[in-house]
Amino acid sequence: MRLELRGITKRFGALVANDHIDLVVEPGEIHCLLGENGAGKSTLMNVLYGLYEAEEGDILLDDEVQRFAGPGDAMAAGIGMVHQHFMLVPVFTVAENVMLGHEQTRGGGRLDLDAARAQVREISARFGFHVDPDAVVEDLPVGVQQRVEIIKALSRNADVLVFDEPTAVLTPQETDELMAIMRQLRDEGAAIVFITHKLREVREVADRITVIRHGKVVGEASPTASDAELASLMVGRAVELTVHKDAPTLRDNGLRVTDLVVTDEAGTVVVDGVSFEVSGGEVLAVAGVQGNGQTELTEALIGLEGDVTGSITLDGKELVGRSVRRILDEGVGFVPEDRTHDGLVGEFTIAENLMLDRSDGPPFVRRGALQLAFRDRFAREKIAEFDVRAQGIATPVGRLSGGNQQKVVVAREMSRDLRLFVAAQPTRGVDVGSIEFIHKRIIATRDAGVPVVVVSTELDEAVALADRIMVMYRGKVVGIVPADTPRDVLGLMMAGISPEDAKGEVTA
Amino acid sequence: MSADHKTTQLDAPLSETTRTVTLVSWKTAGVLATVTLLYALLLVAVPHSGDTRFLLSQRSDFFQIPVVVLPSAPLAWVCAVVLLAVTAVAAVLTARRRRTPTWLVVVYSAAALTGFLAWAGAGSPRDLSIVGLLGGAVLWSVPFVYGALGGVIGERAGVVNIAIEAQLLGAAFTAAVVSSITDSAVAGLAAALLAGALVSLVLGLFAITYHVNQVIVGVVLNVLVVGLTSFLYSQVLVPSAETLNSTTRFTAVPIPVLSDIPVLGPVLFRQPLLIYLMFLAVPAVWFALNRTRWGLRLRAVGEHPKAADTVGIDVVRTRYNAVLVAGAVAGLGGAFYTTVQLSQFGENMTGGAGYIALAAVIFGKWDPVRAAFAGLLFGFASNLQNVLSVVGSPVPSQFMLMVPYVVTLLAVAGLVGRSRPPAASGEPYVKG
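Residues numbered from 1 in each chain as written. Chains lettered and ligands numbered in written order. Predicted model: local features only at pLDDT ≥ 70, side-chain atom pairs only at ≥ 80, totals over all residues. Heavy atoms only, no water.

### Some points on the overall build of chain A
A tally of helices and strands in chain A yields 18 helices and 22 strands. For 508 residues, the compact-globule estimate of 2.2 N^0.38 gives 23 Å, and the C-alpha radius of gyration of chain A, at 24 Å, lies within 12% of that figure. When the backbone C-alpha atoms are referred to their principal axes, chain A occupies close to 70 × 50 × 50 Å. When the 508 residues of chain A are sorted by exposure, 55% land in the buried category. Sequence separation of at least 24 residues holds for 65% of the intrachain contacts in chain A that already meet a minimum separation of 6. (Helix = DSSP H or I, 4+ residues; strand = E, 2+ residues; numbered from the N terminus. Rg over C-alpha atoms; globule rule 2.2 N^0.38 Å. Buried < 20%, exposed > 50% of the residue type's maximum accessible area, 1.4 Å probe, protein only. Contact = heavy atoms within 4.5 Å.)

So this is what it looks like as structure tokens:
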């Protein structure tokens, strides 16, 4: 089925998320929608899927104008979507998830689970998915959950398939498998829309590329275009894709983690016997697929986890068992994974957010009173230094873009005397310009002799920043390897294969 | 379960496994120890001597079982020993990071109860009727069970039904008026159903359509209905009590053959229609929730409304549907007060039963069958007071009135295991 979007315009208040976007996707074609976070890709697809209603424009399927009141209509018309955040009910089985919304019933209104199971098995067999229809979704690895999403779309005979940032949660190997599945679907005649901001994937799989920036189509590109060309089209100016850094100058002091075990509330050992050292002046990147204990590791470093055993020493001082305040006082800077949730108070101004961790005494507070003049001077200095683009220091942080919000967090955490810097997903949901800036500051911190731990699920970022890379899988350390380790080996390690075996498998 | 239990198959490489450890809490052992201590104090501080007469059948029964007469002090002390033993076992298990099995708690409860009854009934010339104890428990559990079913249905769809109390009371009032006017208990029951659904409609309007905090709406509704029914009661029902507040009640309908089974017969099968309906409603709700399209969609909306929306399920409509059904079911429980228990409405006559039903929802881990059993337990606790007052128990009746609430507190605080509410429970669904 041929999909055409004609002049789609979607506004949220004053913000124009989609500005007269035209897009044609032919059957048997993988059409890549490339753009930065916040460029309007997902909004466009939500319009297509009936989740949002466009102010202007038409959706045409095989040249017929469609009216979608909701996702049900879009699905009925043959549009399927694999969502970035899976739209699966975690406590349901695969079969229940697949049948939901178009259930077949037997006598007495009973659900016909057998029919759903058969359908799951049939589609699984067609694509070699190995999905058990009776498995509970939350017990499945994310890669398999994504396949359930694909089965869900296919079970409704979707001819147009939209993949919204599908690789964000996958290992490189799983990504390769997904690409193969997308090609197979294309060869069967599906029209595929692939939304991403990862240049590598675009060039690998796309038949055509449309680039979106600030809600507008800024051009088409050929899959043979170079990374630099695609990036500059996406960002609107030439960008530096690599991080320049000199060989590290190591210092004796640093972070030493020994046999760290973190147990969560359900009794799962989320960090399992992790040991590593980071010297001053070195970046250790923690790589791995989301949810393999990295979050809990960073939270344990800052004292946010409850059930922790083992030892964390910083310059010889034990941190386990100390309160967060006392750990911060030891000179630990921490950029949390989810800035809007853990890093900032959205309703507070930039100035207030910049002093959140300094409210316990001078110079920000004297005799219980906030030193407003000092606070504002401090904030003005910091937003200049960290290039925070905002109307002023009194702007609520919630109104800033993702990149500027992150710069506020980084500014706050870097403006104390640091003896350890921990950053979790420092550039998630951040525009390319801000990524460059944040990366430079992280390297500058390292060059100042501070041990740095960066957690990133983006392998490119981990490789770019790291002096050494530690890969985690199911709470354990798979291995700690040099930064120039081949991507294939790292990818296999992210699936839990030891560095030795991974190297053997890659060279074989 | 071993301390480091592997969650995946053994043939997976070592790195494939995520280790889990069993986390135990001293909560259960602590509650058991506290109750044991209180019980022992009771026996020591207020010793009773004499015999306790346990009556197992009624005069009208087909099979007659002789009265069991037991010396109360030895029996009470034997029970105390059992309590102590179970507490010790629970403590040892906990120290070894193992959970206390449910059957052990059941043994404990039975021993505690027997001992308490032996103590309370000691020396009384009157018989302690076991049938009355259990049959009354079934009867008294009616509002709790229906209320809990209503709570389960609402919450599985993502709407916390705090308004059970309002649904019970509103339904009790409506059933009283309609049953009085029509001289028909069945008409009263139908009216109760509608009244419960009406309260739900208001809850839905605020909680679903206007995204108001569900707990606040629920509590406000509870207070509102107390005020409204009390006002109408004093202004309308009291002046014309003869015509408007003198209900026709359901009478006990013995089921042939079944009702002649010793002990169980009179307990389960010599009850009014509303109770038989309850026996059917519990499995029916379970079936509807777990085996039908209606239930699947309802649960989807309560777990992950956005996922439901993306497959074309109307979240708002599904939630309204669930909340209305929940209110109607709870309404049946409200009818108990004025068409079974009494033949007239009284101010605030539900007295917090809705909150106990809510506790039963949590104690029952959002499962209709478990919640119904929890309701039965609370019904038993409520009935205990009636039975003991017949025997002439030394415990002040005001104190016994606290029992259902204390039992609720102990059950929910001390004995509920790990449970997970529906993921989207209490969260309004806002599109986009």
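On we go from here.
### Considering the overall build of chain B
Each helix and strand in chain B was counted, giving 18 helices and seven strands. Rg of the C-alpha trace for chain B: 24 Å, near the compact-globule value of 22 Å for 432 residues, within the 12% margin. Judged by the C-alpha coordinates and their principal axes, chain B covers about 80 × 70 × 40 Å. Across the 432 residues in chain B, those meeting the buried criterion constitute 51%. Taking all contacts inside chain B whose residues are at least 6 apart in sequence as the whole, residues at least 24 apart take part in 75%. For chain B, the computed accessible surface area is about 19,200 Å², with 70% contributed by carbon and sulfur atoms. (Areas by Shrake-Rupley, 256 points an atom, 1.4 Å probe, with all protein chains shown as cover.)

### Concerning the nonpolar core
Ranked by size, the top nonpolar core spans 75 residues in total, and within it Tyr 146 and Phe 345 of chain B carry the most contacts. Among the elements that make up this core, the one with the highest residue count is helix α14 (residues 315-341) of chain B (eleven residues). Those residues in contact with Tyr 146 of chain B, other than ones at most four positions away along the chain, are Leu 274, Leu 277, Met 278, Ala 281, Val 329, Ala 330, Leu 332 and Gly 333 of chain B. Core analysis: the second largest hydrophobic core is formed by 47 residues, Val 120, Ile 150, Ala 206 and Leu 230 of chain A among them. (Core = buried A, V, L, I, M, F, W, Y, C linked by side-chain atoms within 4.5 Å.)

### Some points on the domain arrangement of chain B
Residue and element names in this part refer to chain B. What the domain assignment reports for chain B is domain 1 (2-125) and domain 2 (139-378). Inter-centroid distance (C-alpha atoms) of domain 1 to domain 2 is 32 Å. Taken together, the contact pairs seven residues of domain 1 with five residues of domain 2. Summed over both sides, the interface of domain 1 with domain 2 buries roughly 460 Å², with 57% coming from carbon and sulfur. Summed over the shared surface of domain 1 and domain 2, the result is zero residue pairs in polar contact (both at pLDDT 80 or more). A per-class count over the side of domain 1 that touches domain 2 returns four nonpolar, two polar and one charged. (Domains from an automatic or database assignment. Buried area = accessible area lost by both parts, 1.4 Å probe. Polar contact = N/O pair within 3.5 Å; in protein donor to acceptor, adjacent residues only side chain to side chain. Nonpolar A, V, L, I, M, F, W, Y, C, P; charged D, E, K, R; others polar.)

### Observations regarding the environment of Arg 441 of chain A
Residues and elements named next belong to chain A. With respect to the element layout, Arg 441 can be found in helix α15 (residues 432-447). With 31 residues separating them in the primary sequence, Arg 441 and Val 410 have C-alpha atoms 8.7 Å apart. When residues no more than four places from it in sequence are discounted, the contact partners of Arg 441 are Glu 385, Phe 386 and Met 414.

### Some details on the side chain of Glu 155 of chain B
Residues and elements named next belong to chain B. Positionally, Glu 155 belongs in helix α5 (residues 142-156). The side chain of Glu 155 sits in the buried core without any salt bridge; Arg 156 is the nearest counter-charge, 9.2 Å away. For Glu 155, the side chain forms a polar contact with the side chain of Ser 425, separated by 3.0 Å. Ignoring any residue separated from it by four or fewer positions in sequence, one finds Glu 155 in contact with Val 160, Val 361, Trp 366, Pro 422 and Ser 425. (Lys, Arg positive; Asp, Glu negative; His and termini not counted. Salt bridge = Lys/Arg side-chain N within 4 Å of Asp/Glu carboxyl O.)

### Section: unusual backbone geometry
Residue Pro 363 of chain A follows Pro 362 of chain A across a cis peptide bond; omega there is 5°. Counting through the fold element by element, Pro 363 of chain A comes out in the loop between α12 (350-354) and β17 (365-366). A positive phi angle, near 55°, is found at Asp 387 of chain A, a position not held by glycine. Structurally, the position occupied by Asp 387 of chain A is in the loop between α13 (372-385) and α14 (402-414). With a phi close to 55°, Arg 97 of chain B is a non-glycine residue in the positive phi region. Mapped onto the elements, Arg 97 of chain B comes out in the loop between α2 (72-95) and α3 (102-120).

### So, the UniProt feature "domain: ABC transporter" (unreviewed entry) in chain A
All names here are of chain A. The UniProt entry lists residues 3-239 and 255-499 under the feature "domain: ABC transporter" (unreviewed entry), expressed in the numbering used here. Taken end to end, residues 3-239 is 34% helix and 27% strand, and its first and last C-alpha atoms sit 33 Å apart. Taken end to end, residues 255-499 is 34% helix and 27% strand, and its first and last C-alpha atoms sit 23 Å apart. (UniProt positions renumbered as here; feature names shortened; annotations may be inferred.)

### Section: the interface of chain A and chain B
How big an interface is tends to be reported as the loss of accessible area on association of its parts. Taken together, the contact between chain A and chain B spans 43 residues of the former and 31 residues of the latter. Summed over both sides, the interface of chain A with chain B buries roughly 3,000 Å², with 58% coming from carbon and sulfur. For the chain A face of the interface with chain B, the top three residues by lost area are Met 87, Leu 100 and Arg 474 of chain A, together amounting to 17%. On the surface where chain A and chain B come into contact, there are one salt bridge. In this structure, the salt-bridge partner of Arg 297 of chain B is Glu 103 of chain A, at a minimum N-O distance of 2.7 Å. Linking chain A to chain B there are four residue pairs in polar contact (both at pLDDT 80 or more).

### So, the pairing of strand β7 (residues 160-164) of chain A
All names here are of chain A. Taken across its five residues, β7 has five buried, putting it largely inside the fold. The alternating pattern of β7 places Val 160, Val 162 and Asp 164 on one face and Leu 161 and Phe 163 on the opposite face, and all of these are buried. Note: β7 against strand β8 (residues 191-196), five bridges, orientation parallel. Bridging across to β8, Leu 161 finds its partner in Ile 192. Crossover β7 to β8 through helix α6 (residues 172-187) is right-handed. (Pairing = 2+ DSSP bridges. Right-handed = clockwise from strand over helix to strand, strands pointing away.)

### Re the sheet that holds strand β19 (residues 420-424) of chain A
All names here are of chain A. Taken in spatial order, the six strands line up as β16-β19-β20-β13-β21-β22 in an open sheet, and their pairing is mixed. Looking at strand neighbours, the two that pair on one side only are β16 (332-335) and β22 (476-482), the edges of this open sheet. For this sheet, the mean inter-axis angle between neighbouring strands, taken without regard to orientation, is 15°. Across six bridges, the pairing between strand β21 (residues 468-473) and β22 is antiparallel. Looking at β22, one finds that Met 472 is bridged to Val 477. (Axes fitted to C-alpha atoms, helices over the stretch in contact; angles between N-to-C directions.)

### Structural notes on the sheet that holds strand β12 (residues 269-280) of chain A
In any sheet, the strands associate via hydrogen bonds between backbone groups, in a parallel or an antiparallel arrangement. Residue and element names in this part refer to chain A. Spatial ordering of the open sheet is given by β12-β11-β14-β15, a layout of four strands whose pairing is antiparallel. Looking at strand neighbours, the two that pair on one side only are β12 and β15 (317-318), the edges of this open sheet. In this sheet, β12 lies alongside strand β11 (residues 251-263) in antiparallel orientation, the contact comprising nine bridges. Bridge assignment links Thr 263 to a residue of β12, and that residue is Val 269.

### Notes on the packing of aromatic side chains
All told, the structure shown has twelve aromatic pairs over all chains when counted by the stated rule. With a centroid separation of 5.1 Å and 90° between ring planes, the pair formed by Phe 173 of chain B and Phe 345 of chain B is classed as edge-to-face. Of the two residues, Phe 173 of chain B sits in helix α6 (residues 164-182) while Phe 345 of chain B sits in the loop between α14 and α15 (353-363), which places them 172 residues apart along the sequence. The same class applies to Phe 173 of chain B and to Phe 345 of chain B, which are both buried. Aromatic rings pair up to connect Phe 364, Phe 374 and Phe 378 of chain A into one cluster. (Phe/Tyr/Trp six-rings, centres within 6.5 Å; stacked < 30°, edge-to-face > 60°.)

### So, the packing of helix α4 (residues 130-140) of chain B against α5 of chain B
Residue and element names in this part refer to chain B. For the pair α4 and α5, interaxial distance at closest approach is 4 Å and the crossing angle is 40°. As far as their axial angle goes, α5 and α4 are oblique. In this structure, α4 uses Val 138, Leu 139 and Trp 140 to contact α5, whose residues at the interface are Val 142, Pro 143 and Phe 144. When its residues are assigned to classes, the contact of α4 with α5 shows six nonpolar, no polar and no charged. (Parallel < 35°, antiparallel > 145°, perpendicular 65-115°, else oblique.)

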